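Letter by letter, the chains look like this.
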Amino acid sequence: MGVYLHHVSYYLRGAIEDKTVDAINYITSILSPIDGNKYYIMDPYLNVVDDIQYPIKESKVENSIWSFLIAELAMPDTAFKIITREPVDGIFEKGPHPPYSLPVSPLINNAKVDVCKYVDKKYCDTGMHDRFILRDGNEGLAGVHIGPSLADIKDKDVSITPYSAPTVATALKAFSDMWNACITNKEWKK
Amino acid sequence: MEFDSSLLSLLTTPTSNGEEIFFAYRKEVRERPPDEITWYRDRGDKGIAKSLWKDKNIKQWLLIGNDMEVHKIWDSLLSTKRYTITWDDVEVDFSLPELDMVPETQEDNFRKIAGIKVINPIPVLYRRQDYPAQVDFLIDEKSNCSFIQGYLYHPSISPMAPAGLLPEDSLFNYLKDKVVAVYQPRGFYYDLRETSGSEGNTIVEGFIQHTKVFRETHLVEIRTLDGAKTLGRSSIDITSGKWQVPIGPKEGQGQFLIVNRSDEAITSGEKYYLIGNINITPNIVDTVFTDLYGRRVYLTGEHHGNKYEPIESIRWDASVHPDSNQAEIELSDRITHVLLSLGSDVVINDPFLLGDILEKDGQVKFTSQSQIIFVNALMNAMARGIIKNITLVGYWAKARRFVAGDQKIFLDNYKMLAKFLQSIFAKVPKAKLESFKLVLSNQTFHDRYWISGGLGTQVCYQVTNSTNGPFEQNELSIRQQNELDSFKERTKISRRIQEGTVINLI
């Protein structure tokens with residue numbers, strides 16, 4: 001199950017951006033966006049400022065795979081929670097404590113996007129490594145594992161694997177624990 | 001009898017300490033002055049100003065007095081940036097920001113003859129350093145200024161007095177240029193032209209609008225443009241104000257001078273330049289298109305064949321308009337302009353296409369106000385006879401989320417829309433479409449771009465909202481893309497069209 005997107009085949013075909021579209025098409029086919037879904041995204045290399053906030057602000061959603069994907073998933077009443085290891089200081093009107101909310105935009109159906117920054121080695125002595133997107137909604141749980149990060153998809157091979165239902169439940173538990181730790185410990189700043 | 005009155009109009013918004021002037025206009029007029037400075041009733045008298053635009057707190061204060069007294073107020077206002085006036089127990093403090101006088105430009109001087117006072121002096125302008133933020137809705141929207149000036153009517157906005165005090169569009173142009181104080185010295189109206197006399201010579205003839213005394217006591221003199229040679233003189237007809245000077249060969253340009261009869265002194269004068277070869281073609285109107293807002297476009301009129309230059313960007317914000325109807329008109333007009341600048345082949349690339357369209361009793365039924373505004377804009381553009389081919393590129397998997405029926409019903413209703421548009425312009429061959437296509441892309445996409453599909457103009461606009469969304473979302477931004485982005489987007493869109501499913505709607 002899943003898809004493996006070979007960089008070389010797109011390179012030879014001459015339309016690199018097709019890989020982005022194929023990845024998005026596959027992910028949305030698994031997560032089937034409908035109204036009211038909640039999405040949980042964990043990716044240590046996801047830069048929410050450069051890859052989500054700015055493309056949306058500049059109304060160039062397709063410029064980044066992440067803003068493109070968020071826009072594809074965002075139906076009415078959709079909410080996203082994102083955990084990343086990348087800097088979050090560039091978020092507009094960033095609140096004093098996590099989670100930090102990205103600006104609301106009609107380009108993503110006014111979806112709520114909340115972000116927490118995880119600091120490695122601070123929580124249960126584990127490093128953050130996995131990359132996944134989980135969905136919880138009226139159609140139940142679903143999820144995909146992404147390897148490696150989507151961040152620079154244009155330059156590398158990418159595999160996307162759907163999770164089984166029990167795996168999604170386990171991953172969601174891990175995500176929630178980490179999310180709560182981020183909030184409780186306030187970015188582990190003294 | 002002296003006719004040396006000046007008007008002073010102040011447009012203000014309230015502050016915690018009084019009234020901040022965002023536009024002051026002093027104009028010398030030809031009227032007998034009152035004995036003392038007089039504030040007009042309900043425009044300042046007893047401290048009661050005229051509220052021009054209640055929601056935006058804009059007021060007008062207007063006074064008249066003799067030139068010298070108004071000059072004193074003006075000078076004091078510009079030098080101290082304050083002016084206080086008291087009526088019994090009412091005191092009003094006016095304030096102005098720091099201003100710099102705008103130097104005269106060379107362009108302003110083209111009429112001026114060295115050493116001679118011009119007949120119609122150019123206004124003296126004073127500019128502030130930053131934009132008056134409290135009236136940004138006037139700087140953003142030309143129409144709002146026209147409502148205040150009285151050149152356009154709006155039921156919620158009272159016009160300035162007296163009517164025609166400021167030339168059309170001047171308030172908008174001044175504010176946009178940060179000019180907030182203007183002094184217009186006195187002049188008088190005149191016109192002149194060259195005609196052929198019965199003996200084959202050329203006659204310069206014209207009219208002066210002035211008092212009887214002035215006409216009695218002054219002459220007109222015409223000189224060559226460099227002033228080296230006097231071509232002729234004429235008295236001014238006391239009743240009609242007309243005058244005639246035979247000048248010999250045709251000149252097309254020269255000096256027009258006013259001479260005092262008693263001492264032969266030149267009191268004022270200007271250089272003039274006449275434009276030749278003006279052709280007037282009669283415009284025969286046989287069909288009129290009336291749009292959703294009652295505006296009329298003459299279908300065989302002068303619009304046909306015009307070129308509409310691409311624009312850098314357009315931003316529409318519902319909140320700056322006085323009401324929702326005006327906001328709709330402005331949005332529709334902006335979209336029309338953008339569509340026209342795309343030339344004959346318009347490609348609308350939007351995953352949601354134009355949104356869902358329904359059918360009721362065999363007629364098109366639109367599903368959002370934005371959709372109606374867009375179609376009105378499109379019809380206005382089509383009425384100009386420029387658009388020949390329209391292609392809508394969308395992605396069914398996304399569009400269907402907002403569609404009531406299945407794909408067949410959706411496409412049938414789009415065909416009905418195409419027929420509706422064609423039927424409106426059925427009798428006007430120039431406005432008829434040659435093609436109207438819908439392309440369903442086989443790949444997802446998200447961004448909206450409107451591009452010119454023709455070989456000529458290569459324009460690409462990036463649009464923030466879907467066509468069926470801006471009015472409901474209260475804003476729309478349309479930006480022209482730079483050459484590289486434009487090339488990238490056009491390549492992508494071309495591929496979507498080539499690889500997608502094409503449906504001919506007409």
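What you are looking at is a predicted structure, and each value in this text was computed from that prediction instead of being measured.

Draft legend 1. Here's a closer look at the overall build of chain A. Helix and strand counts for chain A come out as 5 helices and 8 strands. Counting helices and strands in the order they occur from the N terminus, chain A gives β-α-α-β-α-α-β-β-β-β-β-β-α. In chain A, which comprises 190 residues, the proportion classed as buried is 51%. At a minimum sequence separation of 6, the contacts of chain A that also span at least 24 residues come to 72%. Of the accessible surface of chain A, which amounts to about 8,400 Å², a share of 52% is contributed by carbon and sulfur atoms.

Draft legend 2. Inspection of the sheet that holds strand β14 (residues 230-235) of chain B at higher detail. Residues and elements named next belong to chain B. The 4 strands are arranged β14-β13-β16-β17 in an open sheet whose pairing can be described as antiparallel. With one partner strand each, in any of the chains shown, β14 and β17 (266-273) form the two edges of the open sheet. Strand-to-strand twist in this sheet, taken as the mean axis angle between neighbours without regard to direction, amounts to 20°. Where strand β13 (residues 218-223) and β14 come together, 5 bridges link them in antiparallel fashion. What sits directly across from R223, in β14, is T230.

Draft legend 3. How the structure looks around the confidence of the model for chain B. All names here are of chain B. Of all residues in chain B, 91% attain a pLDDT of 70 or more, and the chain-wide mean is 84. Confidence over residues 275-286 falls short of pLDDT 50; this stretch has 7 contacts with residues more than four positions distant or in other chains. Here the predicted complex carries an ipTM of 0.70, next to a pTM of 0.59.

Draft legend 4. Focus on the packing of aromatic side chains. On inspection of all chains with the given rule, the structure shows 21 aromatic pairs over all chains. Judged by centre distance (5.4 Å) and plane angle (70°), the rings of F352(B) and F402(B) are edge-to-face. Of the two residues, F352(B) sits in the loop between β21 (345-349) and β22 (357-360) while F402(B) sits in the loop between α8 (396-399) and α9 (407-424), which places them 50 residues apart along the sequence. A relative accessible area of 13% places F352(B) in the buried class. We classify F402(B) as partly exposed; its relative accessible area is 42%. An aromatic cluster of three or more residues is present, and its members are Y40(A), F132(A), Y163(A), F175(A) and W179(A).

Draft legend 5. Geometry of the interface of chain A and chain B. Listed as interface residues are 19 residues of chain A and, on the opposing side, 19 residues of chain B. In total, chain A and chain B occlude about 1,700 Å² of area from one another, counting both sides; carbon and sulfur atoms represent 42% of this. Linking chain A to chain B there are 5 salt bridges. The interface formed by chain A and chain B includes 12 residue pairs in polar contact (both at pLDDT 80 or more). Elements supplying a minimum of two residues to the side of chain A that touches chain B: α2 (17-31) and α4 (65-73) of chain A. Looking at the side of chain A that touches chain B element by element, the count peaks at 6 residues for α2(A). In terms of residue class, the side of chain A that touches chain B is made up of 10 nonpolar, 2 polar and 7 charged.

Draft legend 6. A look at the sheet that holds strand β5 (residues 112-117) of chain A. Residues and elements named next belong to chain A. Pairing within the open sheet is mixed, and its 8 strands lie in the order β1-β8-β7-β6-β2-β3-β5-β4. Both outer strands of the open sheet, β1 (3-5) and β4 (100-101), are each paired with one neighbouring strand and no more. Here strand β7 (residues 140-147) runs beside strand β8 (residues 158-162); their pairing, made up of 4 bridges, is antiparallel. Of the residues in β8, the one forming a bridge with G147 is S159.

Draft legend 7. View of the packing of α2(A) against α4(A). Residue and element names in this part refer to chain A. At their nearest, the axes of α2 and α4 sit 10 Å apart, and the two run at 35° to each other. Both α2 and α4 take part in a crossing whose hand is right-handed. Residues T20, V21, A23, I24, I27, T28 and L31 of α2 touch α4, and the partners they reach there are I65, F68, L69, E72 and L73. The class makeup of the residues in the contact of α2 with α4 is 9 nonpolar, 2 polar and 1 charged.

Draft legend 8. Seen up close, the packing of helix α6 (residues 324-341) of chain B against helix α7 (residues 369-383) of chain B. Residues and elements named next belong to chain B. Two numbers describe how α6 lies on α7: the axes approach to 8 Å, and their chain directions differ by 50°. Relative to α7, the element α6 is oriented oblique. As for how α6 packs across α7, the hand of that crossing is right-handed. Here E328, L331, S332, I335, T336, L339 and L340 of α6 lie close against α7, whose contacting residues are Q369, I373, F374, N376, A377, L378, N380 and A381. Each residue belonging to the contact of α6 with α7 can be placed in one class, and the counts come to 9 nonpolar, 5 polar and 1 charged.

Quick notes on the rules
- Residues numbered from 1 in each chain as written.
- Chains lettered and ligands numbered in written order.
- Predicted model: local features only at pLDDT ≥ 70, side-chain atom pairs only at ≥ 80, totals over all residues.
- Heavy atoms only, no water.
- Helix = DSSP H or I, 4+ residues; strand = E, 2+ residues; numbered from the N terminus.
- Buried < 20%, exposed > 50% of the residue type's maximum accessible area, 1.4 Å probe, protein only.
- Contact = heavy atoms within 4.5 Å.
- Areas by Shrake-Rupley, 256 points an atom, 1.4 Å probe, with all protein chains shown as cover.
- Pairing = 2+ DSSP bridges.
- Axes fitted to C-alpha atoms, helices over the stretch in contact; angles between N-to-C directions.
- pLDDT = per-residue confidence, 0-100.
- Phe/Tyr/Trp six-rings, centres within 6.5 Å; stacked < 30°, edge-to-face > 60°.
- Buried area = accessible area lost by both parts, 1.4 Å probe.
- Salt bridge = Lys/Arg side-chain N within 4 Å of Asp/Glu carboxyl O.
- Polar contact = N/O pair within 3.5 Å; in protein donor to acceptor, adjacent residues only side chain to side chain.
- Nonpolar A, V, L, I, M, F, W, Y, C, P; charged D, E, K, R; others polar.
- Left-handed = near helix turned anticlockwise from the far one by under 90°.
- Parallel < 35°, antiparallel > 145°, perpendicular 65-115°, else oblique.

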